[in-house]
Amino acid sequence: MCRNITTLRGLQPAATTEEIEAAARQYVRKVTGVQSLSDATREPFEAAVAEIAGITARLLEELPQRRQPPATVPPLRRPEVQARIAQREAKKA
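Residues numbered from 1 in each chain as written. Predicted model: local features only at pLDDT ≥ 70, side-chain atom pairs only at ≥ 80, totals over all residues. Heavy atoms only, no water.

A. Fine view of the nonpolar core. Counting residues in each nonpolar core, the largest one holds ten residues, listed as Leu8, Leu11, Ile20, Ala23, Ala24, Val28, Val34, Phe45, Val49 and Ala53. Breaking this core down by element, the ones donating at least two residues are helix H1 (17-32) and helix H2 (39-62). In terms of residues, this core owes the most to one element, H1, which gives four residues. Sequence-distant contacts of Ala53, that is, excluding residues within four places in its chain, are made with Ile20, Glu21 and Ala24. (Core = buried A, V, L, I, M, F, W, Y, C linked by side-chain atoms within 4.5 Å. Buried < 20%, exposed > 50% of the residue type's maximum accessible area, 1.4 Å probe, protein only. Helix = DSSP H or I, 4+ residues; strand = E, 2+ residues; numbered from the N terminus. Contact = heavy atoms within 4.5 Å.)

In structure tokens form, the structure reads like this:
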């Protein structure tokens, strides 16, 4: 995993819960090296994601507004990513 974590502060409209959780999940994956969850890693991994997502949401609420929005569009807002997610969900159904 070599992608950078997306800047969420200053997005218009504001970062969604899903975007905050995705950033938290990516962070936890990066620092732990866990790419796929097992029975041994699932609970601590998901607990860390939830805690970091909560901290991130509070931080974004408390920081002052940015003067300009981020230069890049977060992945979850890109049409090609939305299409991949929809395709993955369709296969599950």
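B. Main features of the packing of H1 against H2. At a minimum axis distance of 8 Å, the contact between H1 and H2 shows a crossing angle of 130 degrees. One finds that H1 runs oblique with respect to H2. Read as a crossing pair, H1 and H2 show a hand that is right-handed. In this structure, H1 uses Ile20, Glu21, Ala24, Arg25, Tyr27, Val28, Arg29 and Thr32 to contact H2, whose residues at the interface are Phe45, Glu46, Ala48, Val49, Ile52, Ala53, Thr56, Ala57 and Leu60. (Axes fitted to C-alpha atoms, helices over the stretch in contact; angles between N-to-C directions. Parallel < 35°, antiparallel > 145°, perpendicular 65-115°, else oblique. Left-handed = near helix turned anticlockwise from the far one by under 90°.)

C. Local environment of the side chain of Arg25. Along the chain, the position of Arg25 falls in helix H1. The class for Arg25 is buried, based on a relative accessible area of 18%. A polar contact is formed between the side chain of Arg25 and the side chain of Glu46, at a distance of 3.0 Å. Beyond its immediate stretch of four places on either side in the chain, Arg25 contacts Phe45, Glu46 and Val49. (Polar contact = N/O pair within 3.5 Å; in protein donor to acceptor, adjacent residues only side chain to side chain.)

D. Highlighting H1. The end-to-end C-alpha separation of H1 is 22 Å, in line with the 22 Å expected for 16 residues at 1.5 Å each. Buried positions along H1 lie against H2. Phi for Gly33, located one or two positions after H1, is positive at around 80 degrees. (Expected span 1.5 Å × (residues − 1).)

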